[in-house]
Number of protein chains: 2
Amino acid sequence: MRGAVLHAPGDVRVEDRPDPRIEQPTDAVIRLVAACVCGSDLWPYRGIEAVDGPSPMGHEYVGVVEEVGSDVRTVQPGQFVVGSFFASDNTCEICRAGYQTHCVNRQPGAPTGAQAQFARIPLADGTLVATPGMPDDDLVPGLLAASDVLGTGWFAAVAAEAGPGKTVAVVGDGAVGLLGVLAARQLGAERIVVFSRHEDRQRLAREFGATDVITSRGDEGVAEVKELTGGLGAHSVVEAVGTQESMLQAIRATRAGGHVGYVGVSHDVSLPGEQLFFSGVHLHGGPAPVRRFLPELIDLIWTRAIDPGRVFDLSLPLEEAPEAYRAMDERRAVKALLRP
Amino acid sequence: MRGAVLHAPGDVRVEDRPDPRIEQPTDAVIRLVAACVCGSDLWPYRGIEAVDGPSPMGHEYVGVVEEVGSDVRTVQPGQFVVGSFFASDNTCEICRAGYQTHCVNRQPGAPTGAQAQFARIPLADGTLVATPGMPDDDLVPGLLAASDVLGTGWFAAVAAEAGPGKTVAVVGDGAVGLLGVLAARQLGAERIVVFSRHEDRQRLAREFGATDVITSRGDEGVAEVKELTGGLGAHSVVEAVGTQESMLQAIRATRAGGHVGYVGVSHDVSLPGEQLFFSGVHLHGGPAPVRRFLPELIDLIWTRAIDPGRVFDLSLPLEEAPEAYRAMDERRAVKALLRP
């Protein structure tokens, strides 16, 4: 089969790779209908994370089940499925508490190599959720978004306790931040403030439900949030970047007793204890347990209550994956969809 | 009047100080019935925090109202009152959300100098709570504890979401940690694990409700908590020390999706973002909004449902404050009560 492989920073190639097959009785093999490039794929692409030899890329996916192992019970060949980027058994105590990304049997980064024609999904029963039927073509991008960026933005908004009567601020106008806006709107937030300097992203944020846009960053941006909130700061802040600056901006923009939901993968972040202590905020985040939210998100997409697929502003055949990476790296695209 | 003043590290003196008087119409002046030495008083006493000239000491207090300003409505001369160590108006949006230590009109460290015969309490209506009557003498230590250490341990247990069915671990066997144990028990925790190497503190912890004692620290201590919890870690961890080691121990001892409530005042703490991110815990804490809990705590003490006054293992006349500091510094006492 064909699949995208990162050989070195900036060097993604689509090449022949071995067909995945059932290795464990709990596996499934799916034929990918759509995959995409994640913001986190850009870390190794940009050389910020080390590349350890040729790496098959991609962990967001929707597809049709080709084959299942002998222990698989809840999905079957022919079904259209959405998965999450950590394989989980969905039965352990941690999964039952809603933290499938920390499942005692989790397989992080599984599947490896979903930017491909086929993928092996471990722990299929706990990882995949079947849709009610074969989706219309226009629903595919939304379902694909559910697999990571929507699930992650949703978790951030839930972790930030976005809800009725609340002012929610969103740090980061990438796909996750934008879908954090959509999530905050769905969760009933009264006011949604997005930090963004890009007109196209501001527009999409407003379509997803943002009521205010702030173009300043850092202390200035924080001051503007406070101005909008009677000097107090937002009740809820979604952090979807993962840098020292964005984390501190998120904490400072939150009122005492408020909640920060952070999902940007931390790179060289070190939180000063005293500042955190005297901020009085709640802090929660980490790798999003997308699996917790999948049934609800699939339902919202299926009934066309939300259209998260709009974050994909570039759609290319799998063979053009290198161009998808370049477009995201150069910020010409918010999020690129690949069709195998 | 007489009051304790810190002149330099290790140099506390009880000396003549001006009688406090009403300065604002929202003030009250109280005659102290009991005061005490706080763990946080030891930071400047030990020279870890700078001492900026002679400093009147003490911020935990119970007493009888002597005089109130013209705007004070809820307390009156002759009433026995318990206060909190941050003066707050208790009417602003932040106070109403339960974060009185972050009140928009807060006065941190007010009163200054409660290790004295009298103290001025700003924002008396929002800061003081009157007891149902004059307390029996044996209730005074408990009511004094409510003013800081109990309120702080209670907040930590609430922030850690201690409750029925939960395993709670407590890092720190000082007065706050021990009262965190008592709080966790009252909140219905199923199992309460305390980290302690001191036999007398272990004994008090068990009397307050601890079910297990761990004498190891750091990674070894974490491993023991995991062993007690099927490899998962505690649901709730109270952090009552405030060092880098104790914060990391608390985070690592908590299961993914669990809650850390931290109330140790952070000194040179810097939290590694990546470790926090992948821990998946909730983190909440800071200076405890004791005022939120005072009515409930006073009721529990008044009805003798709890006896937090047992953390005081040394009681001295105010004039012997220097010995109280020495005893706590040298760990000969958990907590010293002073009678003016």
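Look up a bit, the structure's there.
Residues numbered from 1 in each chain as written. Chains lettered and ligands numbered in written order. Predicted model: local features only at pLDDT ≥ 70, side-chain atom pairs only at ≥ 80, totals over all residues. Heavy atoms only, no water.

Let's shift gears to the interface of chain B and chain A. Bring the parts together and some accessible area is lost; that lost area is often taken as the interface size. On the chain A side, the residues contacting the 33 residues of chain B number 33 residues. At the surface where chain B touches chain A, the tally comes to 2 salt bridges. In this structure, Glu93 of chain B engages Arg255 of chain A in a salt bridge whose closest nitrogen and oxygen atoms are separated by 2.8 Å. Remark: the boundary between chain B and chain A carries 15 residue pairs in polar contact (both at pLDDT 80 or more). Mapped by element, the contributors of at least two residues to the side of chain B that touches chain A are helix H2 (93-96), strand S13 (254-262), strand S14 (270-272), helix H10 (273-279) and strand S15 (282-285) of chain B. Counting residues per element, the side of chain B that touches chain A draws most heavily on H10 of chain B, which supplies 6 residues. A class-by-class count of the residues in the side of chain B that touches chain A yields 17 nonpolar, 13 polar and 3 charged. Sheet analysis places strand S15 (residues 282-285) of chain A next to S15 of chain B, joined by 3 bridges and oriented antiparallel. Within S15 of chain B, the position partnered with Leu283 of chain A by the bridge is Leu283 of chain B. (Contact = heavy atoms within 4.5 Å. Salt bridge = Lys/Arg side-chain N within 4 Å of Asp/Glu carboxyl O. Polar contact = N/O pair within 3.5 Å; in protein donor to acceptor, adjacent residues only side chain to side chain. Helix = DSSP H or I, 4+ residues; strand = E, 2+ residues; numbered from the N terminus. Nonpolar A, V, L, I, M, F, W, Y, C, P; charged D, E, K, R; others polar. Pairing = 2+ DSSP bridges.)

Attention shifts here to the environment of Val194 of chain B. All names here are of chain B. Checked against the element boundaries, Val194 lands in strand S10 (residues 191-195). Under the relative-accessibility criterion, Val194 is labelled buried at 0%. Taking C-alpha positions, Val194 is 5.0 Å from Val213, a pair spaced 19 residues apart along the chain. When neighbours within four sequence positions are excluded, Val194 is seen to be in contact with Val170, Val181, Ala205, Ala210, Asp212, Val213 and Ile214. (Buried < 20%, exposed > 50% of the residue type's maximum accessible area, 1.4 Å probe, protein only.)

All names here are of chain A. As for its placement among the helices and strands, Arg291 is situated in helix H11 (residues 290-302). Here Arg291 sits buried without a salt bridge, and the closest side chain of opposite charge, Asp125, lies 8.4 Å off (N-O distance). The contact partners of Arg291, leaving out residues within four places of it in the chain, are Ser84, Ser88, Asn90, Gln100, Asp125, Gly126, Thr127, Leu128 and Val129. (Lys, Arg positive; Asp, Glu negative; His and termini not counted.)

To continue, consider the pattern of salt bridges. Two side chains with opposite charge may pair up if their charged atoms get near one another. All names here are of chain B. Scanning all chains against the criterion turns up 36 salt bridges over all chains. Residues Arg310 and Glu207 are paired through a salt bridge, measuring 2.5 Å at the closest nitrogen-oxygen approach. Placement of the pair is Arg310 in the loop between helix H11 (290-302) and strand S16 (314-317) and Glu207 in helix H7 (residues 199-208), with a sequence separation of 103 residues. For Glu323, the salt bridge is made with Arg326, and the minimal N-O distance between the two is 3.4 Å. Of this pair, Glu323 and Arg326 both sit in helix H12 (residues 321-329), 3 residues apart, which is roughly one turn of that helix. Residue class for Glu323 comes out partly exposed when judged on its relative accessible area of 23%. With a relative accessible area of 37%, Arg326 lands in the partly exposed category.

We now examine H11 of chain B. All names here are of chain B. Between the first and last C-alpha of H11 there are 17 Å, a value that for 13 residues agrees with the 18 Å anticipated at 1.5 Å per step. Bending of H11 peaks at approximately 35 degrees at the position of Glu296. All of the buried residues in H11 are Val290, Arg291, Phe293, Leu294, Leu297, Ile298, Leu300 and Ile301. Looking at the buried residues of H11, the elements they touch are strand S6 (80-83), helix H3 (124-127), strand S8 (128-130), helix H4 (140-146), helix H5 (149-159) and helix H6 (175-186). (Expected span 1.5 Å × (residues − 1). Bend = angle between axes of the 7 residues up to and from the residue.)

What follows deals with the sheet that holds strand S1 (residues 2-8) of chain B. Residue and element names in this part refer to chain B. A sheet is described by the order of its strands in space; here 3 strands give the open sequence S2-S1-S4, paired in antiparallel fashion. Single-partner strands in this sheet number two, and they are strand S2 (11-16) and strand S4 (55-56). Examined bridge by bridge, S1 and S4 share 2 bridges and lie antiparallel to one another. Looking at S4, one finds that Leu6 is bridged to Ser55.

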